[in-house]
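Given next are the chains, with one letter for each unit.
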Amino acid sequence: MVRRAVEVAGDKLPDFSNYDQPANRLSVRVNRAIYAALLDDAVVGSGATLLFHTLLAAVERQDEQWRLTLCGKEGLFEERARVLVDCSGDANAVALAGYEREQNDERQPATYDACFSGFDAAAINYDALDRAYEAAVTAGALRLTDLGTHQDHARGFLRYRGRNSMHLPGIDGSTSRGRTAAEIEGRRGLMRIFEFLRVQPGLENLTIDYFAAECGIRETYTIAGKKRITVDDYAGGRMWDDAVCYSFYPIDVHRPSGHGIDYRVLAKDTFPTIPRGAMLPFGSQWLLVAGRCVAGDQEANSAYRVQASCMAMGQAAGAMAALSARSHTEPEELALADIHAALRAHGAIVPGDIS
Ligand SMILES: Cc1cc2nc3c(=O)[nH]c(=O)nc-3n(C[C@H](O)[C@H](O)[C@H](O)COP(=O)(O)OP(=O)(O)OC[C@H]3O[C@@H](n4cnc5c(N)ncnc54)[C@H](O)[C@@H]3O)c2cc1C
């Protein structure tokens with residue numbers, strides 16, 4: 001789907017043969033509108049039923065099936081499933097089904113994404129801008145965390161045109177109330193930045209291209225899994241005996257204080273894997289998890305939470321759920337060779353297949 005989205009947009013994939021490049025040079029940029037439209041067609045075309053604008057309200061195991069209560073615009077309604085895959089990012093289904101989740105004492109900050117235009121980055125006096133920024137922080141007009149992802153603050157902010165730049169520490173992204181507060185606080189912070197920047201020399205014509213529709217949440221809960229990925233497993237490139245997919249990204253912990261990022265590149269030729277056991281909630285059956293809420297410590301999670309790794313986990317969970325439902329075999333009992341074969345048939349990069 002990623003390859004197709006790049007083709008339709010008329011763009012090119014990065015050169016993956018030179019994988020020594022920094023991770024951001026190997027990132028694939030997809031046009032989000034094209035990608036969404038292609039995904040709609042692929043999912044609906046597969047025969048699956050797609051349902052947006054629906055939240056999970058309750059989960060119960062009954063008569064060898066999951067009974068799911070969903071909340072839509074029409075009110076509450078039910079769906080049933082033999083196997084359940086939780087890709088909520090927060091392990092919501094796992095919690096509603098009564099299984100344990102884990103939360104770090106200090107969580108990474110949220111970021112409200114935005115994009116600004118209307119300036120010539122090369123024409124700005126950054127020394128003067130830095131002084132104005134420090135004065136604004138001292139005066140309380142800006143918070144140090146407002147431009148907190150960048151060591152070089154306003155310079156970094158303008159280099160990225162404000163994208164993925166602010167930090168919102170102390171957010172609870174796991175509840176509707178917390179998410180609402182994050183959005184109000186995030187938009188308030190972006191407006192604070194906008195008001196500060198547009199009175200600085202060279203930025204008088206600053207315009208807002210967009211504020212994202214939602215505040216981005218990096219971290220809430222992970223599951224208590226049958227296995228747990230530690231930073232040593234991850235950074236050491238451990239090949240788990242039940243590995244179902246690869247990850248690849250550096251350790252990337254956004255400091256909970258909101259000041260800067262702890263970013264550590266993996267040693268050359270290190271290819272971490274994700275074990276099936278970390279995708280299975282402890283004590284559960286017929287339940288799979290994929291994405292950032294898979295079991296692991298904060299440092300490992302800061303790396304495997306990136307989108308490509310989440311996609312690989314999602315594909316592996318989907319393959320396991322399909323095999324499991326078809327063969328009436330509990331996901332943990334599926335033969336690894338069958339999972340790998342199903343993934344390979346769908347073009348996945350299967351652990352052990354690369355050298
Ligand atoms: C600010 C920010 C910047 C980032 N930058 C990058 C980057 O540059 N590159 C990169 O690869 N990764 C980046 N990441 C990380 C990455 O985007 C996420 O970790 C990843 O998207 C998580 O994927 P997921 O599938 O686990 O969850 P999500 O992508 O969060 O998907 C969860 C889905 O489940 C839905 N959902 C949630 N709860 C429920 C419920 N109770 N009922 C029904 N539906 C529900 C949500 O609406 C959502 O559609 C960034 C993250 C943030 C916050």
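Conventions and cut-offs
Residues numbered from 1 in each chain as written. Predicted model: local features only at pLDDT ≥ 70, side-chain atom pairs only at ≥ 80, totals over all residues. Heavy atoms only, no water. Core = buried A, V, L, I, M, F, W, Y, C linked by side-chain atoms within 4.5 Å. Buried < 20%, exposed > 50% of the residue type's maximum accessible area, 1.4 Å probe, protein only. Helix = DSSP H or I, 4+ residues; strand = E, 2+ residues; numbered from the N terminus. Domains from an automatic or database assignment. Contact = heavy atoms within 4.5 Å. Near = heavy atom within 4 Å. Polar contact = N/O pair within 3.5 Å; in protein donor to acceptor, adjacent residues only side chain to side chain. Areas by Shrake-Rupley, 256 points an atom, 1.4 Å probe, with all protein chains shown as cover. Nonpolar A, V, L, I, M, F, W, Y, C, P; charged D, E, K, R; others polar. Phe/Tyr/Trp six-rings, centres within 6.5 Å; stacked < 30°, edge-to-face > 60°. Pairing = 2+ DSSP bridges. Axes fitted to C-alpha atoms, helices over the stretch in contact; angles between N-to-C directions.

Quick notes on the nonpolar core
Logical step 1: Residues Ile229, Tyr234, Met279 and Val294 are the most contacted members of the largest nonpolar core, which totals 50 residues.
Logical step 2: If you tally residues by element for this core, the top one is helix H10 (residues 307-327), at seven residues.
Logical step 3: A domain split of this core shows at least three residues from each of domain 2 (51-81) and domain 3 (83-105 + 220-345).
Logical step 4: Discounting chain neighbours no more than four positions away, the residues touching Ile229 are Tyr234, Trp240, Ile274, Pro275, Ala278, Val294, Ala295, Gly296, Asp297, Ala300 and Tyr304.
Logical step 5: Counting residues in each nonpolar core, the second largest holds 29 residues, with Tyr133, Phe157, Ile171 and Leu203 among its members.

Digging into the site of the ligand
Logical step 1: In the vicinity of the ligand, 18 residues are found, and the nearest of them are Leu56, Asn92, Arg292, Arg305 and Gln307.
Logical step 2: Contact distances for the ligand include 3.1 Å between a nitrogen atom and a backbone N or O atom of Leu56.
Logical step 3: One of the backbone N or O atoms of Gln307 is found 2.8 Å from an oxygen atom in the ligand.
Logical step 4: With the chains in place, 60% of the 1000 Å² that the ligand exposes on its own is no longer accessible.
Logical step 5: Elements supplying a minimum of two residues to the shell around the ligand: strand S1 (55-62) and H10.
Logical step 6: The class makeup of the residues in the shell around the ligand is six nonpolar, nine polar and three charged.
Logical step 7: Lining the shell around the ligand are residues from two domains, each supplying at least three of them: domain 2 (51-81) and domain 3 (83-105 + 220-345).

Remarks on the packing of aromatic side chains
Logical step 1: Taken as a whole, this structure holds seven aromatic pairs when the rule is applied.
Logical step 2: Residues Phe116 and Phe157 carry aromatic rings whose centres are separated by 5.6 Å and whose planes lie at 50° to one another, so their mutual orientation is tilted. Here Phe116 is found in strand S6 (residues 114-117), whereas its partner Phe157 is found in helix H6 (residues 153-159), with 41 residues between them in sequence. Both residues of the pair, Phe116 and Phe157, count as buried.
Logical step 3: Here the aromatic rings of Phe116 and Phe194 are separated by 6.2 Å at their centres, their planes lie at 20°, and the arrangement is stacked. Pair noted here: Phe116 is in strand S6 and Phe194 is in helix H7 (residues 176-197), with a separation of 78 residues, a long-range link. This pair shows no difference in class: Phe116 is buried, exactly as Phe194 is.
Logical step 4: By way of ring pairs, the aromatic residues Tyr112, Phe116, Phe157, Phe194 and Phe211 are connected into one cluster.

What to know about the sheet that holds strand S3 (residues 75-81)
Logical step 1: A sheet is described by the order of its strands in space; here three strands give the open sequence S1-S2-S3, paired in antiparallel fashion. Two strands in the sheet have a free side with no partner beyond their single neighbour: S1 and S3. Adjacent strand axes in the sheet meet at a mean angle of 20°, parallel and antiparallel pairs treated alike.
Logical step 2: As judged from the seven bridges shared by strand S2 (residues 65-72) and S3, these two strands associate in the antiparallel manner. If you follow Cys71 over to S3, its bridge partner there is Leu76.

With respect to the side chain of Glu185
Logical step 1: Here Glu185 shows up in helix H7.
Logical step 2: Given the relative accessible area of 19%, Glu185 is considered buried.
Logical step 3: For Glu185, the side chain forms a polar contact with the side chain of Arg143, separated by 2.9 Å.
Logical step 4: Beyond its immediate sequence surroundings of up to four residues, Glu185 is in contact with Arg143, Leu168 and Arg192.

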